[in-house]
Amino acid sequence: MKIFCIGRNYRDHALELNNPLPEVPLIFMKPATALLTDNKPFYHPDFSNNIHYELEVVLKISKNGKQIDQKFASAYYDQIGLGIDFTARDLQDQCKDKGHPWEIAKSFDYSAAIGKFIPVTEVDLDSIKFQMKQNDKIVQQGDTKDLIFDFDYLISYVSKYFTLQQGDLLFTGTPAGVAKISIGDHLEGILEGNKLLDCKIK
Ligand code: ZN
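Procedures and definitions
- Residues numbered from 1 in each chain as written.
- Predicted model: local features only at pLDDT ≥ 70, side-chain atom pairs only at ≥ 80, totals over all residues.
- Heavy atoms only, no water.
- Helix = DSSP H or I, 4+ residues; strand = E, 2+ residues; numbered from the N terminus.
- Polar contact = N/O pair within 3.5 Å; in protein donor to acceptor, adjacent residues only side chain to side chain.
- Contact = heavy atoms within 4.5 Å.
- Pairing = 2+ DSSP bridges.
- Axes fitted to C-alpha atoms, helices over the stretch in contact; angles between N-to-C directions.
- Donors = N, O, S within 2.8 Å, 3.2 Å for Na, K, Ca; no water.
- Buried < 20%, exposed > 50% of the residue type's maximum accessible area, 1.4 Å probe, protein only.

Considering the side chain of Thr 172
Thinking step 1. The topology assignment puts Thr 172 in the loop between strand E11 (169–171) and strand E12 (179–180).
Thinking step 2. From its side chain, Thr 172 meets the backbone oxygen of Val 57 in a polar contact 2.6 Å long.
Thinking step 3. Those residues in contact with Thr 172 that lie beyond four places of it in its chain are Ile 6, Asn 9, Tyr 10, Glu 56, Val 57, Leu 59, Leu 147, Phe 151 and Leu 154.

Comments concerning the sheet that holds strand E14 (residues 194–200)
Thinking step 1. Pairing is antiparallel in the open sheet, where 4 strands are placed in the order E10-E9-E13-E14. Looking at the sheet topology across the chains shown, the edges are occupied by strand E10 (137–143) and E14. Between one strand and the next, the sheet's axes are offset by a mean angle of 15 degrees, whatever the strand orientation.
Thinking step 2. As paired elements, strand E9 (residues 129–134) and strand E13 (residues 186–191) share 5 bridges and run antiparallel to each other.

Here's the deal with unusual backbone geometry
With glycine set apart, most residues show a phi of negative sign, and most peptide bonds adopt trans.
Thinking step 1. Even without being a glycine, Asp 38 presents a positive backbone phi close to 60 degrees.
Thinking step 2. Tracing the backbone shows Asp 38 in the loop between strand E3 (35–36) and strand E4 (51–53).
Thinking step 3. Within the chain, Tyr 110 stands out as a residue other than glycine whose phi angle is a positive 65 degrees.

Re the coordination of the zinc ion
Thinking step 1. Looking at the metal site, the zinc ion is ligated by Glu 54 (OE), Glu 56 (OE) and Asp 85 (OD), spaced 2.0 to 2.1 Å from it.
Thinking step 2. Between the donor residues of the zinc ion, the gaps in sequence give the motif E-x1-E-x28-D. Placement of Glu 56 in strand E5 (residues 55–61) and of Asp 85 in strand E6 (residues 77–85) is noted, with a sequence separation of 29 residues between them. Across the pair, Asp 85 and Glu 56 agree in class, each one buried.

Take a look at the structure:
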């Protein structure tokens with residue numbers, strides 16, 4: 001399986017990091033070894049002093065496909081959940097300055113935490129409200145109506161370049177409010193009032 005991630009897909013988040021708004025989706029990938037499942041703790045690696053959480057709505061791909069037309073895209077994902085795209089912001093800034101790829105900052109072991117998934121039929125995909133809590137305080141509030149590129153556009157766009165396979169994951173971007181994690185933090189991801197993700201930082 002593979003993990004696709006979309007960068008800068010919410011205007012307020014792109015601007016908070018002084019990034020331009022993308023004209024096409026910004027895609028990067030994480031390997032299967034980046035997965036952190038079952039609400040296991042995230043052990044803070046020692047290669048970064050500034051790891052950020054980024055809470056994102058995640059689509060689970062339900063069947064194989066390539067070059068998928070936008071109007072058929074919704075048939076390729078049937079479950080939705082929340083994930084944290086853990087990002088070593090200090091390493092990412094260094095990579096960006098040098099014009100280098102981001103993998104060491106974005107795709108390291110356990111950098112893709114995922115929680116419970118629910119059927120897409122349980123939510124209004126055009127306006128899913130989701131929140132991140134850090135130590136009981138709400139630090140991110142997103143609504144998928146604010147996506148620059150919506151789910152079906154992303155499925156179509158990503159599948160132009162990469163064959164989607166059942167079980168692949170698509171992290172759809174983070175809203176504003178990203179910040180540093182510290183050892184001892186408790187992170188919770190809530191989607192329409194349901195806690196789907198719980199992660200302690202150790
Ligand atoms: Zn992200």
